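Chain residues, written in single-letter form:
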Amino acid sequence: MATPHIDAELGDFAPAVLMPGDPKRAERMAELILDSARMVTDVRGMMGFTGVYAGEGPHHGKPLSIMGSGMGMPSIAIYATELFRFFGVERIVRVGTAGGISPAVSVGDVVIASGAHTTSSMNELRIPGTHFSAVADLAMASAALHAAAGAADVFAGPIISADHFYFAVPGQLDAMVAHGVLAVEMEAASLYGVAAEHGTGALAVLTVSDHLTKQGADMTSAERETRFQGALSLAVAAAFA
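Residues numbered from 1 in each chain as written. Predicted model: local features only at pLDDT ≥ 70, side-chain atom pairs only at ≥ 80, totals over all residues. Heavy atoms only, no water.

**As for the pairing of strand β7 (residues 154–161)**
Argument step 1. By the bridge criterion, 8 bridges tie strand β6 (residues 110–118) to β7 in an arrangement that is parallel. Residue pairing across strands places threonine 118 opposite serine 161, the latter belonging to β7.
Argument step 2. In terms of strand pairing, β7 meets strand β8 (residues 183–185) through 2 bridges, oriented parallel. Paired with isoleucine 160 across the two strands is valine 184, which belongs to β8. (Pairing = 2+ DSSP bridges. Helix = DSSP H or I, 4+ residues; strand = E, 2+ residues; numbered from the N terminus.)

Here it is, written out as structure tokens:
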């Protein structure tokens, strides 16, 4: 049952998929937490892997898939739609990076995105005459929060998914700070919309890799690929919620 963007068959993906943006990060995650992992797709270099969870605890030995999403809302919408619609996937957890906005969060912290404002128009036409609210699956978010066990470097709250990486409207950043937005990234709002469309679950668990309102050392590109272990453990808990 290959689709235009995923060369796999029904049953190749587990019901739960972890989805970083970078396919190389997906490969690294698969090496780190999966046993008996096999590549199930690599169309356009967007690698996906399926195996069983190798970590300790109640989820040890359960099937789990990991696949890249690419950058931006159109890209993750394509992969999430095909996974939900054609491959029997029930839950997707985006495991990625974000730029900090709130002064409460710092580089290296983890953000569980309860909802995602957006500068994109991708969700505007989902419900005619209505501003669609892009929110996470409650059970998945609760599972991630429970796994965090009150850690001081884990925050839950709204983020914003932006279409532009470099462009910003004057005054926009200050307004986001005033409205309690924790961080900015480029995928979650679209993922949440696709999940709502298909009656499935989605959550974004994000590592703060740089900060827009606080000065300090940002993560290097190498650190962005490797410093995801804290978010990863919470993402696994959400994936099996």
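**A look at a nonpolar patch on the surface**
Argument step 1. A cluster of nonpolar side chains, Met1, Leu10 and Phe86, forms an exposed patch at the surface whose accessible area comes to about 280 Å².
Argument step 2. With respect to the secondary-structure elements, leucine 10 resides in the segment before β1 (16–19). (Patch = residues over 30% accessible without salt bridge, like charges linked within 9 Å, V, L, I, M, F, W, Y side chains within 5 Å. Areas by Shrake-Rupley, 256 points an atom, 1.4 Å probe, with all protein chains shown as cover. Salt bridge = Lys/Arg side-chain N within 4 Å of Asp/Glu carboxyl O.)

**Some remarks on the pairing of strand β4 (residues 63–67)**
Argument step 1. Of all 5 residues in β4, 4 are buried; the element is thus mostly enclosed.
Argument step 2. As paired elements, β1 and β4 share 2 bridges and run parallel to each other. In the sheet register, leucine 18 faces β4, and the bridge partner there is isoleucine 66.
Argument step 3. As defined by bridge partners, strand β3 (residues 48–53) adjoins β4 across 5 bridges and the pair is classed as antiparallel. Within the sheet, the bridge partner assigned to glycine 51 lies in β4 and is leucine 64. (Buried < 20%, exposed > 50% of the residue type's maximum accessible area, 1.4 Å probe, protein only.)

**Brief notes about the packing of aromatic side chains**
Argument step 1. Under the definition given, this model contains 3 aromatic pairs.
Argument step 2. With a centroid separation of 6.3 Å and 50 degrees between ring planes, the pair formed by tyrosine 53 and phenylalanine 240 is classed as tilted. In this pair, tyrosine 53 sits in strand β3 while phenylalanine 240 sits in the segment after α7 (229–239), placing the two residues 187 residues apart along the sequence. (Phe/Tyr/Trp six-rings, centres within 6.5 Å; stacked < 30°, edge-to-face > 60°.)

**As for unusual backbone geometry**
Argument step 1. The phi angle at arginine 44 is positive, at roughly 55 degrees, despite the residue not being glycine.
Argument step 2. Structurally, arginine 44 can be placed in the loop between β2 (34–41) and β3.
Argument step 3. Owing to a relative accessible area of 73%, arginine 44 belongs among the exposed residues under this scheme.
Argument step 4. The phi dihedral of alanine 149 is positive, around 50 degrees, even though this residue is not glycine.
Argument step 5. When you line up the elements, alanine 149 lands in the loop between α3 (138–148) and β7.
Argument step 6. By relative accessible area, alanine 149 is classed as exposed at 66%.

**Topic: helix α2 (residues 73–86)**
Argument step 1. With 14 residues, α2 should cover 20 Å at 1.5 Å per step; its first-to-last C-alpha distance of 20 Å lies within 8% of that length.
Argument step 2. Most of α2 is tucked away, with 10 of its 14 residues classed as buried.
Argument step 3. For α2, the complete set of buried residues consists of Met73, Ser75, Ile76, Ala77, Tyr79, Ala80, Thr81, Glu82, Leu83 and Phe84. (Expected span 1.5 Å × (residues − 1).)

**Some details on the environment of alanine 237**
Argument step 1. Structurally, alanine 237 can be placed in helix α7.
Argument step 2. In sequence terms alanine 237 and leucine 145 are 92 residues apart; their C-alpha atoms lie 9.0 Å from each other.
Argument step 3. With sequence-adjacent residues up to four places away left out, alanine 237 is seen in contact with Ala143 and Ala147. (Contact = heavy atoms within 4.5 Å.)

**Let's talk about the pattern of salt bridges**
Argument step 1. Counted by the stated rule, this structure contains 7 salt bridges.
Argument step 2. Ionic pairing is found between aspartate 12 and arginine 38, a salt bridge with its closest N-O pair at 3.1 Å. Highlighted residues: aspartate 12 in the segment before β1 and arginine 38 in strand β2, separated in sequence by 26 residues.
Argument step 3. On the accessibility criterion, aspartate 12 (15% relative accessible area) is buried.
Argument step 4. Where glutamate 27 meets lysine 24, a salt bridge forms, and the shortest distance between an N and an O atom there is 3.0 Å.

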